[in-house]
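Structural characterization, general
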Amino acid sequence: EVQLQASGGGLVQTGGSLRLSCAASGFTFDDYAIGWVRQAPGKEREDVSCIVTSDGSTRYADSVKGRFTISRDNAKRTVYLQMNGLKPDDTALYYCAGGEYCNEYDYWGRGTLVTVSS
């Protein structure tokens with residue numbers, strides 16, 4: 001079965017950093033789009049970032065450009081999201097998701113919670 005397991009969330013102060021990991025299994029990892037989607041109370045679900053595993057092309061939401069970096073290790077079937085300069089507005093449940101195209105996801109993992117204190 002397809003599995004996407006997110007980890008790495010936690011509590012961090014404003015300006016701090018976290019690295020999220022998404023371990024994937026059950027599908028062709030090297031020919032897929034895997035991204036991070038976040039949901040916070042009172043806010044719309046936001047497509048944060050995405051990477052195409054075949055060529056490494058990336059996309060970022062304007063709200064995180066310059067602060068977040070997505071990457072992948074195809075051998076480890078893992079996608080990472082390095083989050084720097086965290087702000088309270090980044091507080092959310094972060095989901096790892098995969099599909100044929102960025103932001104068109106068929107598979108979803110359980111979220112990992114990121115909390116940024118002010």
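Details of the structure are given in the entry above.
The structure reproduced in this document is the subject of the present report. Computed from a predicted model, the values in this text were never measured in an experiment. (Residues numbered from 1 in each chain as written. Predicted model: local features only at pLDDT ≥ 70, side-chain atom pairs only at ≥ 80, totals over all residues. Heavy atoms only, no water.)

1. Focus: the sheet that holds strand β3 (residues 18–25)
Read from one edge to the other, the open sheet built from four strands follows the order β1-β3-β8-β7, with strand pairing classed as antiparallel. On the outer flanks of this sheet lie β1 (3–7) and β7 (68–73), each paired with one strand and no other. Between one strand axis and the next, the sheet turns through 15 degrees on average, direction left out of account. As judged from the six bridges shared by β7 and strand β8 (residues 78–83), these two strands associate in the antiparallel manner. Following the sheet pairing, T69 is matched in β8 by Q82. (Pairing = 2+ DSSP bridges. Helix = DSSP H or I, 4+ residues; strand = E, 2+ residues; numbered from the N terminus. Axes fitted to C-alpha atoms, helices over the stretch in contact; angles between N-to-C directions.)

2. Side note on the side chain of T53
For T53, the position within the fold is in the loop between β5 (46–52) and β6 (58–60). With a relative accessible area of 0%, T53 lands in the buried category. Of the polar contacts made by the side chain of T53, one reaches the backbone nitrogen of D31; its length is 3.2 Å. Aside from chain neighbours lying at most four places away, what touches T53 is F29, D30, D31, Y32, I34, R72 and N74. (Buried < 20%, exposed > 50% of the residue type's maximum accessible area, 1.4 Å probe, protein only. Polar contact = N/O pair within 3.5 Å; in protein donor to acceptor, adjacent residues only side chain to side chain. Contact = heavy atoms within 4.5 Å.)

3. Focus on the nonpolar core
The biggest cluster of nonpolar side chains holds 28 residues, and the ones touching the most others in it are I34, W36, F68, V79, L81, M83 and Y94. Every element with two or more residues in this core is listed here: β1, β3, β4 (33–39), β5, β7, β8, β9 (92–99) and β11 (112–117). When residues of this core are assigned to their parent elements, the largest contribution, four residues, is made by β3. By size, the runner-up hydrophobic cluster in this structure holds six residues, among which are A33, V37, A97 and C102. (Core = buried A, V, L, I, M, F, W, Y, C linked by side-chain atoms within 4.5 Å.)

4. Here we look at the environment of P88
Here P88 lies in the loop between β8 and β9. For P88, a relative accessible area of 36% translates into the label partly exposed.

5. What to know about a negative patch on the surface
A cluster of acidic residues, D30, D31, E100, E104 and D106, forms a negative patch on the protein surface. With respect to the secondary-structure elements, E104 resides in the loop between β9 and β10 (107–108). (Patch = residues over 30% accessible without salt bridge, like charges linked within 9 Å, V, L, I, M, F, W, Y side chains within 5 Å. Areas by Shrake-Rupley, 256 points an atom, 1.4 Å probe, with all protein chains shown as cover. Salt bridge = Lys/Arg side-chain N within 4 Å of Asp/Glu carboxyl O. Lys, Arg positive; Asp, Glu negative; His and termini not counted. Charge placed at Lys NZ, Arg CZ, Asp CG, Glu CD.)

6. Digging into the pattern of salt bridges
A full pass over the atoms with the stated rule returns five salt bridges. Between D90 and R38 there is a salt bridge, with the nearest N and O atoms lying 2.9 Å from each other. Residue D90 is found in the loop between β8 and β9, and its partner R38 is found in strand β4; the two are separated by 52 residues along the sequence. Relative accessible area serves as the criterion here: at 7%, R38 is assigned to the buried category. Taken together, the shared-partner salt bridges connect R38, E46, R67 and D90 into one network.

7. Side note on the pairing of β4
In the case of a regular strand, side chains alternate between the two sheet surfaces. With respect to burial, β4 is a largely interior element, six of its seven residues being buried. Of the strand pairs in this sheet, β4 and β5 are connected by six bridges, and their pairing is antiparallel. Residue pairing across strands places W36 opposite S49, the latter belonging to β5. Here β4 folds back onto β5 in antiparallel fashion, the turn holding six residues, of which G42 has a positive phi close to 80 degrees. Relative to β9, β4 is paired through seven bridges, and the arrangement is antiparallel.

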